[in-house]
Amino acid sequence: MVHITVIGAGVVGLSSAVSIQRAFPGATVKVVADKFYDETTSIGAGGIFLPTLKNIPGVPFETLKRWSETSWKAYSRMATTDLASTTGHTVSHGYLFHTTKTEIPLYANIVFSFREMLTEELTRLGVDTRFKYGYEITTIITNMRKYLSWLMTQFTENGGVVEKRKIGSLSELYGHCDVVVNCSGLGSRQLFGDQLIYPVHGQLIKVEAPWVRDWIYTDTMAHILPSDDFTVIGGVKDKDNWSMTPDSSVRQDIMDKCLQVWPALKGAKVIGDWVGLRPMRNPVRLEKEVVRLPEGMLKVVHNYGHGSNGIALSWGTAVEATDMVKDLISTIPSPKL
Ligand SMILES: Cc1cc2nc3c(=O)[nH]c(=O)nc-3n(C[C@H](O)[C@H](O)[C@H](O)COP(=O)(O)OP(=O)(O)OC[C@H]3O[C@@H](n4cnc5c(N)ncnc54)[C@H](O)[C@@H]3O)c2cc1C
């Protein structure tokens, strides 16, 4: 009997736990976390699949392509079958508006459709003239409230065990499992002493604007992301800012910026504010490690630091973390549990 403990109940932890269960049908898989669902970063993310493939330093392009493609395969199946209403994946049409010419991103060949717009089309849409370049894209937006619930249901219905507690030291896990899968995001700073992980603070406004159906993203950091229950508008990327309190002046900036990009948003009813910390690490840490503890050696698979791309990449990295768990179990003997 194999025992695996996953630290973290965000989208990365739950995806890893479900993927591991599928690979080890007889195993005991436990998720330990101090924060679940509403308290995680994952719950508030806009959930759009637009992985910024060229901007993750330290991760080879082919690796990012593989993670993105594996995730896309899973999400596109969820969005286009009878699973969609429960998993929260929606086929979503929208626009990327840029002030400067950008290279065609790698996801252009992954998403449902991607095409560069003509200047004349931007004019007809009434797009602010700062935006000289436009791309019309059909991708997927994930409703994170639904997806996290679905992942948790999958996990518990498959016999997964859930424990709510903060792990203060890895020694607490020694002797209780064969492998630890570390999906603790920013928590890895304290738990593993990782100084490379840092927060990138984000603030969003939740609004009701059911007449705005297409998503919009700009290179001036404005985004409008409709999901099936409300629309989130943002955004802010503030490195090393640990604050979890919404700022009213930032809120006004977001509102002004988004209305300038898309005046049709006027009249949107504000539902509330949300702040989240992107767990950023260059590179994303997806690797095996055998950690030396005073009690003995502990086998660990790290899967964290997805920054702005955690929803887009989570299933892809979960599948590869699962392969690493298999590898550690088959090559290194475990201490007696
Ligand atoms: C404003 C904003 C918008 C975003 N929009 C998008 C988007 O549109 N598309 C996209 O792909 N990504 C987006 N992201 C990024 C995405 O949200 C993150 O990359 C992702 O949620 C990270 O997931 P995670 O599971 O690693 O971390 P988290 O959701 O933060 O989960 C970490 C887990 O680890 C647990 N933990 C940590 N330390 C300990 C400990 N010592 N003991 C026990 N448990 C511990 C926590 O309790 C928690 O359960 C956005 C992020 C923000 C902030």
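Residues numbered from 1 in each chain as written. Predicted model: local features only at pLDDT ≥ 70, side-chain atom pairs only at ≥ 80, totals over all residues. Heavy atoms only, no water.

Structural notes on the site of the ligand
Moving on, step 1. Close to the ligand lie 35 residues; Asp34, Lys35, Ser42, Gly307 and Ala312 are nearest.
Moving on, step 2. Valine 11 places a polar main-chain atom, nitrogen or oxygen, 3.3 Å from an oxygen atom of the ligand.
Moving on, step 3. A distance of 3.1 Å separates an oxygen atom of the ligand from a polar atom in the backbone of valine 12.
Moving on, step 4. Protein contact buries 95% of the 1,000 Å² of open area that the ligand shows by itself. (Near = heavy atom within 4 Å. Polar contact = N/O pair within 3.5 Å; in protein donor to acceptor, adjacent residues only side chain to side chain. Areas by Shrake-Rupley, 256 points an atom, 1.4 Å probe, with all protein chains shown as cover.)

Some thoughts on the packing of helix H2 (residues 61-80) against helix H8 (residues 310-331)
Moving on, step 1. At a minimum axis distance of 7 Å, the contact between H2 and H8 shows a crossing angle of 100°. The pairing of H2 with H8 is recorded here as roughly perpendicular in orientation. Two secondary-structure elements touch here, H2 through Leu64, Arg66, Trp67, Ser68, Thr70, Ser71, Ala74 and Tyr75 and H8 through Ile311, Ala312, Leu313, Ser314, Trp315, Gly316, Thr317, Val319 and Glu320.
Moving on, step 2. Of the residues belonging to the contact of H2 with H8, the class tally is 9 nonpolar, 6 polar and 2 charged. (Axes fitted to C-alpha atoms, helices over the stretch in contact; angles between N-to-C directions. Helix = DSSP H or I, 4+ residues; strand = E, 2+ residues; numbered from the N terminus. Parallel < 35°, antiparallel > 145°, perpendicular 65-115°, else oblique. Contact = heavy atoms within 4.5 Å. Nonpolar A, V, L, I, M, F, W, Y, C, P; charged D, E, K, R; others polar.)

What to know about the packing of helix H1 (residues 11-23) against H8
Moving on, step 1. Here H1 crosses H8 at 40°, and the two axes come no closer than 8 Å. Taken together, the axis directions place H1 and H8 in an arrangement best described as oblique. Once H1 is placed against H8, the crossing between them reads as right-handed. Residues Val11, Val12, Ser15, Ser16, Val18, Ser19, Ile20, Arg22 and Ala23 of H1 pack against Gly310, Ile311, Ser314, Trp315, Ala318, Val319, Thr322, Val325 and Lys326 of H8. (Left-handed = near helix turned anticlockwise from the far one by under 90°.)

Some thoughts on the side chain of histidine 302
Moving on, step 1. As for its position among the elements, histidine 302 is in strand S14 (residues 296-306).
Moving on, step 2. Among the polar contacts listed, one links the side chain of histidine 302 to the side chain of glutamate 289, at a separation of 2.7 Å.

Points about helix H7 (residues 248-261)
Moving on, step 1. Look at H7: 20 Å from first C-alpha to last across 14 residues, which is about the 20 Å you get at 1.5 Å a residue.
Moving on, step 2. Taken together, the buried positions of H7 are Ile254, Met255, Cys258 and Val261. Buried residues of H7, seen end-on, are gathered within an arc of 135° and therefore sit on one face of the element. (Expected span 1.5 Å × (residues − 1). Buried < 20%, exposed > 50% of the residue type's maximum accessible area, 1.4 Å probe, protein only. Arc of directions from axis to C-beta.)

Comments concerning the pairing of strand S3 (residues 89-98)
Moving on, step 1. Of all 10 residues in S3, 7 are buried; the element is thus mostly enclosed.
Moving on, step 2. Pairing of S3 with strand S5 (residues 133-142), which is carried by 10 bridges, proceeds in the antiparallel orientation. From the neighbouring strand, tyrosine 95 faces S5, where its bridge partner is glutamate 136.
Moving on, step 3. In this sheet, strand S9 (residues 215-218) lies alongside S3 in parallel orientation, the contact comprising 4 bridges. Among the inter-strand pairings, phenylalanine 97 is bridged to a residue of S9, identified as threonine 218. (Pairing = 2+ DSSP bridges.)

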